[in-house]
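Fold and contact review
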Amino acid sequence: MEKSKDNIKDLVGAFTSAGIPLHVFHNQRFRQWIATATCMQLAPSETTLRRYLAKCAEDDFQETKSKCEGNSVYLVVDETSDIKNHKVVNVLVAPLGVVNEKSRFVKTKIVEHCNVDVITVHHICFLLAGVAPHLLHSTCWAHVLHRCAEEIRFSPKIADGFIAPVKAALAKTPARRERLLDCLKEAGTFVLPPVPVITRWGTWLKAGKYHCTNFNAVKH
């Protein structure tokens, strides 16, 4: 019986680690294949598998704790969004100076806003209060560059008012892109404008530089 429980826990750990959702066990043919491949009489249901998630999480946390115990560690704190567009903050940790040791997930939380106050006060300080008196906070330079790029984009509103409509005008009209390319070729340019994407930092700056150089051709 214990061996059967260990097999199920290993199955849950393997599937969640690979990002495979447990609802695939609703499929009868898949369950039959799993039962044959694992020498089980009957593959467990999704409900049964979910009972082992907490145990897998606890084992993983204990492994993370043992890897970091007695070592200096670094934290990676970053924000993302889930499938329901909630703002989510994730915390990962790893020991310093250990070769080939990847950071491991330790904490996640849904928040209303993702800003410096939320990250530093409510997460890093809460997680390490009284534990890491020599904590050093390294600002994410990618975010710093992003804020600089945003400031530049918001400052000359007339430029953004030109770049955004050009992007929209070319998005789903191959014929219009061909016409623009003809005009550009006459001016000695053989590349269409780069597509500015706000979440890809710096693309607006590249688009602005392009349109500055090729303004007359785009205007025509």
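Residues numbered from 1 in each chain as written. Predicted model: local features only at pLDDT ≥ 70, side-chain atom pairs only at ≥ 80, totals over all residues. Heavy atoms only, no water.

Per an unreviewed UniProt entry, the protein goes by Transposase and derives from Periplaneta americana.

Section: the overall build of the protein
Our working definition: Counting from the N terminus, the helices are the DSSP runs of H or I reaching at least four residues and the strands are the DSSP runs of E reaching at least two. By the convention used here, residues are in contact when the closest approach between their heavy atoms is within 4.5 Å. Per-residue and other accessible areas were derived by the Shrake-Rupley procedure at a 1.4 Å probe size, with only the shown protein chains allowed to occlude residues.
Scanning the protein for helices and strands turns up ten helices and three strands. Along the protein, helices (α) and strands (β) appear in the sequence α-α-α-α-β-β-β-α-α-α-α-α-α when read from the amino end. Residue pairs in contact within the protein that sit at least 24 positions apart in sequence constitute 43% of those at least 6 positions apart. Of the accessible surface of the protein, which amounts to about 16,100 Å², a share of 58% is contributed by carbon and sulfur atoms.

Focus: the packing of aromatic side chains
Note the threshold: Note on ring pairs: Phe, Tyr and Trp rings are taken, using the six-membered ring of Trp, and paired if centres are within 6.5 Å. Classes follow the plane angle, with under 30 degrees stacked, over 60 edge-to-face and the rest tilted. Burial status follows relative accessibility: with a 1.4 Å probe on protein chains alone, a residue under 20% of its type maximum counts as buried, one over 50% as exposed, and anything between as partly exposed.
Scanning all chains against the criterion turns up five aromatic pairs. Considering the side-chain rings of Phe-162 and Phe-215, the 5.3 Å spacing of their centres and the 45° angle between planes classify their relative orientation as tilted. In this pair, Phe-162 is assigned in helix H7 (residues 157-171) and Phe-215 in helix H10 (residues 215-219), connecting sequence segments 53 residues apart. We classify Phe-162 as partly exposed; its relative accessible area is 26%. For Phe-215, a relative accessible area of 36% puts it in the partly exposed group. Members of the aromatic cluster, each reached through a chain of ring pairs, are Phe-15, Phe-25, Phe-30 and Trp-33.

As for the pairing of strand E1 (residues 73-81)
Look at any regular strand and the pattern is simple: side chains alternate between the two faces of the sheet. Spelled out, the test is: A pair of strands is considered paired only if DSSP assigns at least 2 bridges between the two.
Direction of pairing for E1 relative to strand E2 (residues 87-95): antiparallel, over a ladder of nine bridges. Counted as the bridge partner of Ser-81 is Lys-87 from E2. With antiparallel pairing between neighbouring strands as the criterion, E1 and E2 make up a hairpin whose turn holds five residues, including Asn-85 at a positive phi of roughly 65°.

Here we look at the packing of H7 against helix H9 (residues 203-213)
The cut-off we apply is this: Inter-axis angles, ranging from 0 to 180 degrees, are taken between N-to-C directions of lines fitted to C-alpha atoms, where helices are fitted over the stretch in contact. Roughly parallel means an angle under 35 degrees; roughly antiparallel, over 145; roughly perpendicular, 65 to 115; everything else is oblique. When residues are sorted by character, Ala, Val, Leu, Ile, Met, Phe, Trp, Tyr, Cys and Pro go into the nonpolar class, Asp, Glu, Lys and Arg into the charged class, and all the rest, Gly among them, into the polar class.
Close contact between H7 and H9 brings their axes to 11 Å; oriented N to C, the two are set at 95°. As summarised for this structure, H7 and H9 are arranged roughly perpendicular, according to the angle between their axes. Seen from H7, the contacting residues are Ala-159, Asp-160, Phe-162, Ile-163 and Val-166; seen from H9, they are Trp-204, Ala-207, Gly-208 and His-211. Considered class by class, the residues forming the contact of H7 with H9 number six nonpolar, two polar and one charged.

Some points on the environment of Ser-103
In this structure, Ser-103 sits in the loop between E2 and strand E3 (104-111). When its relative accessible area of 30% is taken as the criterion, Ser-103 is described as partly exposed. For Ser-103, the contacting residues outside a window of four places in its chain are Tyr-74, Leu-92, Val-93 and Ala-94.

Looking at the sheet that holds E1
The antiparallel open sheet is built from three strands, whose spatial order is E1-E2-E3. Edge positions in the sheet fall to E1 and E3, since each has one partner strand and no second. Between one strand axis and the next, the sheet turns by 20° as a mean value, whatever way the strands run. Contacts from helix H4 (residues 53-68) reach E1, E2 and E3, with the element oriented near 120° to E3.

Remarks on helix H6 (residues 141-154)
Our working rule: Here the expected span of a helix is defined as 1.5 Å times the quantity of residues minus one.
Taking 1.5 Å per residue, 14 residues should reach 20 Å; H6 reaches 20 Å between its end C-alpha atoms and fits that length. Looking at the buried side of H6, the elements it contacts are H7 and H9.

Re unusual backbone geometry
Its identity as a non-glycine residue notwithstanding, Asn-85 has a phi of 65°, on the positive side. Relative to the elements of secondary structure, Asn-85 occurs in the loop between E1 and E2. Assessed through its relative accessible area of 62%, Asn-85 is described here as exposed.

Notes on the nonpolar core
For the record, the criterion: Joining through side-chain atoms within 4.5 Å is the link that ties buried Ala, Val, Leu, Ile, Met, Phe, Trp, Tyr and Cys residues into a set, and such a set is a nonpolar core.
Residues Ile-8, Leu-11, Val-12, Phe-15, Phe-25, Ile-34 and Leu-49 are the most contacted members of the largest nonpolar core, which totals 13 residues. If you list the elements that add at least two residues to this core, you get helix H1 (2-17) and helix H2 (28-37). The element best represented in this core is H1, accounting for four residues.

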